[in-house]
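Listed below, chain by chain, are the residues.
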Amino acid sequence: MSFDKSPEKIQTMFNIIADRYDFFNNLMSLSTQRYIKYKSIKNLNIKPHDKIIDLCCGTGDLSIIIKQIEPQADVTGIDFSDKMLEVAKQKSQNIQYLQGDVTALPYPDNTFDCTVMGFGLRNIQNAEKAVEEAYRILKPGGYFMHLDFGKKNLISKVFDITIPVLTKLFTENYSAYTYLIKSKQIFPEPEDLIKDFESKGFRLKKRQDFLFGVISMQVMVK
Ligand SMILES: C[S@@+](CC[C@H](N)C(=O)[O-])C[C@H]1O[C@@H](n2cnc3c(N)ncnc32)[C@H](O)[C@@H]1O
């Protein structure tokens, strides 16, 4: 199955749903998404003054959690949707937000102690380039934490059936959420994703599954 993931289409879609994004995420995940994000970030052993970048930061959840865990961390969030960034800025303090494309990051090699990406890669047309960029800007020995949908098991299928019903009831952006399901269905399962990351030079440090494997987190080391 192939479908349009052109940057223009993705950017427009996230601009349209930005105001309702957090509400709908909480609804879809039955309010577990914040806990999952928190547990994922906890794996990184962030230290004061670590330089961290949240790729495809959207409305800023991962950046905000990093700051809560380590207030002295130097956190930047980058995303190409100005509307998602507006919501992020309203929710946070002491985080730098930058509008930009994660497939062409404006940083020298070996800049960051950690790079994190939550629910982003699935939406990127040139995902390979985004992973190469996440690797390039990371310091040797640094961690890349990736979080997204995982196994396509029975629970995941229940999710695929429930989402359209919830979107019809609670949002006016039905097409954005049919996109979400399609993007989820063609996204590699964690085993294959880890191989893709390894092919770019990363080593697996830890994998953690949530919600019976429907969501999966990988910590990769450069
Ligand atoms: C599903 S949201 C995830 C937001 C947030 N990380 C979270 O965990 O809730 C995906 C985000 O990726 C951004 N995005 C997709 N492709 C991008 C690209 N090439 N460069 C920068 N941002 C991108 C979108 O604008 C959107 O805000």
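Residues numbered from 1 in each chain as written. Predicted model: local features only at pLDDT ≥ 70, side-chain atom pairs only at ≥ 80, totals over all residues. Heavy atoms only, no water.

A. Seen up close, the overall build of the chain. Scanning the chain from terminus to terminus reveals 8 helices and 7 strands. For 222 residues, the compact-globule estimate of 2.2 N^0.38 gives 17 Å, and the C-alpha radius of gyration of the chain, at 16 Å, lies within 12% of that figure. Projected onto its principal axes, the C-alpha positions of the chain cover 45 × 35 × 30 Å. The burial tally for the chain puts 55% of its 222 residues in the buried class. Looking at the chain alone, contacts between residues at least 24 apart form 71% of all its contacts between residues at least 6 apart. Looking at the chain as shown, the accessible area adds up to about 10,400 Å², and 54% of this sits on carbon and sulfur atoms. Mean positive and mean negative side-chain charge positions of the chain (30 and 27 charges, respectively) differ by 4 Å. (Helix = DSSP H or I, 4+ residues; strand = E, 2+ residues; numbered from the N terminus. Rg over C-alpha atoms; globule rule 2.2 N^0.38 Å. Buried < 20%, exposed > 50% of the residue type's maximum accessible area, 1.4 Å probe, protein only. Contact = heavy atoms within 4.5 Å. Areas by Shrake-Rupley, 256 points an atom, 1.4 Å probe, with all protein chains shown as cover. Lys, Arg positive; Asp, Glu negative; His and termini not counted. Charge placed at Lys NZ, Arg CZ, Asp CG, Glu CD.)

B. The arrangement of the packing of helix α2 (residues 33-42) against helix α3 (residues 61-69) in detail. With their axes 10 Å apart at the nearest point, α2 and α3 run at an angle of 55° to one another. Between α2 and α3, the crossing angle belongs to the class labelled oblique. As α2 packs across α3, the resulting crossing turns out to be right-handed. Of the residues in α3, those in contact with Q33, R34, K37, Y38, I41 and K42 of α2 are D61, L62, I65, I66, Q68 and I69. When the residues that make up the contact of α2 with α3 are grouped by side-chain class, the tally is 6 nonpolar, 2 polar and 4 charged. (Axes fitted to C-alpha atoms, helices over the stretch in contact; angles between N-to-C directions. Parallel < 35°, antiparallel > 145°, perpendicular 65-115°, else oblique. Left-handed = near helix turned anticlockwise from the far one by under 90°. Nonpolar A, V, L, I, M, F, W, Y, C, P; charged D, E, K, R; others polar.)

C. Broad picture of helix α4 (residues 82-91). Turning to α4, its buried residues are M84, L85, V87 and A88. In an axial view of α4, the angular spread of the buried residues amounts to 155°, which keeps them on one side of the axis. Residues of α4 that are buried sit in contact with α1 (7-28), β2 (74-79) and β3 (96-99). (Arc of directions from axis to C-beta.)

D. Region of interest: the nonpolar core. In terms of nonpolar packing, the biggest core is built from 48 residues, with I41, L44, I66, M145 and L147 touching the most fellow members. In terms of residue count, the dominant contributor to this core is α1 (8 residues). Not counting chain neighbours up to four residues away, the residues in contact with I41 comprise I46, L62, I65, I66, I69, V116 and M145. Counting residues in each nonpolar core, the second largest holds 23 residues, with F112, F187, F202 and M220 among its members. (Core = buried A, V, L, I, M, F, W, Y, C linked by side-chain atoms within 4.5 Å.)

E. Local environment of the pairing of β3. Pairing geometry for β2 and β3, over 4 bridges, is parallel. Each residue of the ladder has a partner; that of I78, found in β3, is L98. In terms of handedness, the path from β2 via α4 over to β3 forms a crossover that is right-handed. (Pairing = 2+ DSSP bridges. Right-handed = clockwise from strand over helix to strand, strands pointing away.)

F. Fine view of the site of the ligand. Lining the immediate surroundings of the ligand are 19 residues, of which Y21, C56, D79, D101 and G118 lie closest. Within the side chain of D101, an N or O atom sits 2.9 Å from a nitrogen atom of the ligand. One of the backbone N or O atoms of V102 is found 3.0 Å from a nitrogen atom in the ligand. Contact with the protein chains covers 97% of the free accessible surface of the ligand, which is 590 Å². Of the residues forming the shell around the ligand, the biggest block, 4 residues, is contributed by α1. (Near = heavy atom within 4 Å. Polar contact = N/O pair within 3.5 Å; in protein donor to acceptor, adjacent residues only side chain to side chain.)

G. Fine view of the side chain of D79. With respect to the helices and strands, the residue D79 is situated in strand β2. There is a polar contact of 2.8 Å between the side chain of D79 and the backbone nitrogen of G58. Residue contacts for D79: discarding those within four places in its chain leaves C56, C57, G58, L85, L98, Q99 and G100.

H. Structural context of a nonpolar patch on the surface. A contiguous nonpolar surface patch, about 380 Å² in accessible area, is contributed by F23, V165, L169 and F170. In terms of residues, the nonpolar patch owes the most to one element, helix α6 (residues 154-170), which gives 3 residues. Within the fold, F23 resides in helix α1. What makes F23 partly exposed here is its relative accessible area of 37%. (Patch = residues over 30% accessible without salt bridge, like charges linked within 9 Å, V, L, I, M, F, W, Y side chains within 5 Å. Salt bridge = Lys/Arg side-chain N within 4 Å of Asp/Glu carboxyl O.)

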